[in-house]
Amino acid sequence: MKRRTVLTGLTLAPAAVVANPVLGQGTGIAEADPGDSGVPISVPAIQQWTPRRGSYEYKPNVPIMLASCTAELRSVAETFAENLGAITGSRPRIVSSKGTPTGGIILRLGDQKKGPESYRIDVDKSLVVTGTTAHGVFNATRTVLQWLQRCHRLPTGTALDWPVKQVRSLLIDNTPR
């Protein structure tokens with residue numbers, strides 16, 4: 001029997017990815033080793049990763065905080081909360097916030113100078129997602145979901161990502177051979 005990796009929506013199931021130049025480097029999505037400075041894997045792979053020492057641990061009772069409260073960003077946060085709830089079993093609440101509390105997930109807007117869909121994810125004592133537009137924040141939440149699906153402990157560092165192509169897509173040919 002052949003073993004297959006299935007993509008469901010925009011997250012991976014099962015969360016097992018082998019080293020592949022198309023999928024990225026490494027052997028898994030967001031390795032659990034706190035000393036690991038490897039690039040957390042996502043599909044599509046992130047463009048830049050700057051590692052730091054330490055780790056961030058996601059706790060399901062932590063709210064999603066909106067630093068910029070626009071209707072589009074609120075919609076992204078609602079979708080993210082629903083998806084995060086499906087992974088963790090506990091749907092986080094969404095709150096407005098100007099600070100950066102320890103352990104929190106903060107969604108905000110800010111120009112990343114790499115185009116409208118670009119984003120930055122800072123993983124430290126908090127998980128701060130900054131997108132040039134709400135679409136950029138949405139793309140970042142897809143990356144975070146892939147990381148957290150594998151492990152709730154993430155290596156600290158900064159991810160910077162932007163699309164190389166105008167249209168992102170993935171074709172999986174499942175025709176019998």
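Here goes a summary of the coordinates provided.

The rules we used
Residues numbered from 1 in each chain as written. Predicted model: local features only at pLDDT ≥ 70, side-chain atom pairs only at ≥ 80, totals over all residues. Heavy atoms only, no water. Helix = DSSP H or I, 4+ residues; strand = E, 2+ residues; numbered from the N terminus. Salt bridge = Lys/Arg side-chain N within 4 Å of Asp/Glu carboxyl O. Buried < 20%, exposed > 50% of the residue type's maximum accessible area, 1.4 Å probe, protein only. Core = buried A, V, L, I, M, F, W, Y, C linked by side-chain atoms within 4.5 Å. Contact = heavy atoms within 4.5 Å. Phe/Tyr/Trp six-rings, centres within 6.5 Å; stacked < 30°, edge-to-face > 60°. Lys NZ or Arg CZ within 6 Å of the ring centre and 35° of its normal.

**Quick look at unusual backbone geometry**
Okay, step 1: Between Val43 and Pro44 the backbone carries a cis peptide bond, its omega angle lying at 0 degrees.
Okay, step 2: Among the secondary structure elements, Pro44 is positioned in the loop between strand E2 (11-13) and strand E3 (48-57).

**Structural notes on the pattern of salt bridges**
Okay, step 1: Taken as a whole and judged by the stated rule, the model has seven salt bridges.
Okay, step 2: A salt bridge links Lys59 to Glu57, with the shortest nitrogen-to-oxygen separation between them at 3.8 Å.
Okay, step 3: Judged by its relative accessible area of 41%, Lys59 falls in the partly exposed class.
Okay, step 4: Given a relative accessible area of 35%, Glu57 falls into the partly exposed group.
Okay, step 5: Its salt-bridge partner being Arg177, residue Asp173 comes within 2.5 Å of it at the nearest N-O pair.
Okay, step 6: Residue classification places Arg177 among the exposed residues on the basis of a relative accessible area of 84%.

**Topic: the nonpolar core**
Okay, step 1: In this structure, Leu107 and Ile121 are the most contacted members of the largest nonpolar core, which totals 29 residues.
Okay, step 2: At the level of secondary structure, the elements contributing two or more residues to this core comprise E3, strand E4 (64-66), helix H1 (71-88), strand E6 (105-109), strand E7 (119-123), strand E8 (127-131), helix H2 (134-150) and strand E9 (153-161).
Okay, step 3: Here the element with the most residues in this core is H2; it accounts for seven residues.
Okay, step 4: Contact partners of Leu107, with chain neighbours within four places excluded, come to Ile64, Met65, Leu66, Ala67, Ser68, Leu73, Ala77, Phe80, Val129, Val137 and Thr141.

**Structural notes on the packing of aromatic side chains**
Okay, step 1: Using the criterion set out here, one finds one aromatic pair in the structure.
Okay, step 2: For the pair Trp49 and Trp147, a centre-to-centre distance of 6.0 Å together with 80 degrees between the ring planes defines the contact as edge-to-face. Residue Trp49 is located in strand E3, and its partner Trp147 is located in helix H2; the two are separated by 98 residues in the primary sequence.
Okay, step 3: Positioned above the aromatic ring of Trp162, the side-chain terminus of Lys114 is 4.4 Å from the ring centre.

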